[in-house]
Amino acid sequence: MTVALYTHPACLAHDTGPGHPESAERLRAVLEALAPADFPDLIRREAPEATRAEIGLVHSSAYIDRVLAACPTEGRGQLDAETPLSPGSRVAALRAAGAVVAAVQAVLAGEVRRAFCAIRPPGHHAEPKRREATSGFCLFNNIAIGAAVALQDKNCRRVAIVDFDVHHGNGTQDFAWESPNVFYASTHQASLYPFTGFPDESGGCRNILNVQLKVKTGSVDFRRAYDDQIIPALTAFAPDLILISAGFDAHADDPLGDLRLTVEDFAYVTRCLCRVGTGRVVSALEGGYDPDSLAACVAAHVDALENAP
Ligand SMILES: [Zn+2]
């Protein structure tokens, strides 16, 4: 199965400073795990910069200006308390969003069946036009921008976003809230940042499905959430394209989460998602803060994208 890898060295130049968990070291570990020797069939593509019009499908002009203005030309900047910025942050954010846009376009055009975007900064906490509070290491909501671009294609009427990051994707949920052709499903740890993602918080919004997982949840209950709830809901929604907010911080070794997932759990859920609907999948890196387990999880995830029917 043809799978493309979208990335760019500019994503390494977003410097969050010493000791910050969302570091360039994470992406270096991911790229090393996906080296050509181990993944000879991956089609390697350079992530372009997203255009202002593409980002503007999700974020307001004022927000885009605010983010870009916060990126310093020298020295350090700060988008919010948790999100430090450096001179490389501007282009990193544009290429992170652009990777998902290009991957979506390539998959919808039939050039490749699936794609993985090895990018940072992550995006799922960045809120769309409705509220636009910034949060949690995120600048632009890469996956929501990809979904919005996908829906401009007349052959793509419904997009599902599945988010298995240990944190709830509050920004992506807000985007889905106002987009009836987007289905958002998330598994995440309960009582963890950003403290959203309750099963009933969508107020009857039928295209949002939140499954909270208790502290120390392991393989059995995680897989059951997909088998019993998320996969049946996705199958009923019948998406033309599935996007994955692929955070790997629910792994047992992650320092920011307190779940107990294994590398094989991420491969399992990836295979399940590839079986839904058309099998067209675009996945984008979100969290994952232990570089070693992150690298192993990404390798298993991409292997599943390549080998699932
Ligand atoms: Zn996370």
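Anyway, here's the lowdown on the structure attached to this text. None of these values were measured; they are calculated from a predicted model.

1. With respect to the coordination of the zinc ion
Here is step 1 of the chain: Of the protein atoms, only Asp165 (OD), Asp165 (OD), His167 (ND1) and Asp249 (OD) coordinate the zinc ion, at distances of 1.9 to 2.7 Å.
Here is step 2 of the chain: Of note is the zinc ion, whose 4 donor atoms meet at the metal with angles of 52 to 153° in an arrangement that counts as irregular.
Here is step 3 of the chain: Going along the chain, you hit the donors of the zinc ion in the pattern D-x1-H-x81-D. You can see Asp165 sitting in the loop between β6 (159-163) and α6 (170-177) and its partner Asp249 sitting in the loop between β9 (241-246) and α8 (263-274), a full 84 residues away along the chain.

2. As for the sheet that holds strand β8 (residues 208-213)
Here is step 1 of the chain: The strand order across the open sheet formed by 8 strands is β2-β1-β5-β10-β9-β6-β7-β8, and the pairing between neighbours is parallel. Whereas interior strands pair on both sides, the edge strands pair on one side only; in this sheet they are β2 (43-46) and β8. Put simply, the sheet's adjacent strands are angled 15° from each other on average, direction ignored.
Here is step 2 of the chain: In this sheet, β8 lies alongside strand β7 (residues 182-189) in parallel orientation, the contact comprising 6 bridges. In the strand pairing of β8, Tyr184 is matched with Ile208.
Here is step 3 of the chain: Across the sheet, helix α5 (residues 142-150) lies against β6, β9 and β10 (281-285), angled at about 170° from β9, the strand it touches most.

3. Examining the side chain of Asp165
Here is step 1 of the chain: Here Asp165 is buried and forms no salt bridge, its nearest opposite-charge partner Arg26 lying at an N-O distance of 6.8 Å.
Here is step 2 of the chain: At a separation of 2.8 Å, a polar atom in the side chain of Asp165 contacts the main-chain amide nitrogen of His167.
Here is step 3 of the chain: Once residues within four sequence positions are removed from consideration, Asp165 is found in contact with His124, Thr187, His188, Ser245, Gly247, Asp249, Glu286 and Gly287.

What counts and what doesn't
Residues numbered from 1 in each chain as written. Predicted model: local features only at pLDDT ≥ 70, side-chain atom pairs only at ≥ 80, totals over all residues. Heavy atoms only, no water. Donors = N, O, S within 2.8 Å, 3.2 Å for Na, K, Ca; no water. Tetrahedral: all angles 85-135°; square planar, octahedral: opposite > 155°, others 65-115°. Helix = DSSP H or I, 4+ residues; strand = E, 2+ residues; numbered from the N terminus. Pairing = 2+ DSSP bridges. Axes fitted to C-alpha atoms, helices over the stretch in contact; angles between N-to-C directions. Contact = heavy atoms within 4.5 Å. Buried < 20%, exposed > 50% of the residue type's maximum accessible area, 1.4 Å probe, protein only. Lys, Arg positive; Asp, Glu negative; His and termini not counted. Salt bridge = Lys/Arg side-chain N within 4 Å of Asp/Glu carboxyl O. Polar contact = N/O pair within 3.5 Å; in protein donor to acceptor, adjacent residues only side chain to side chain.

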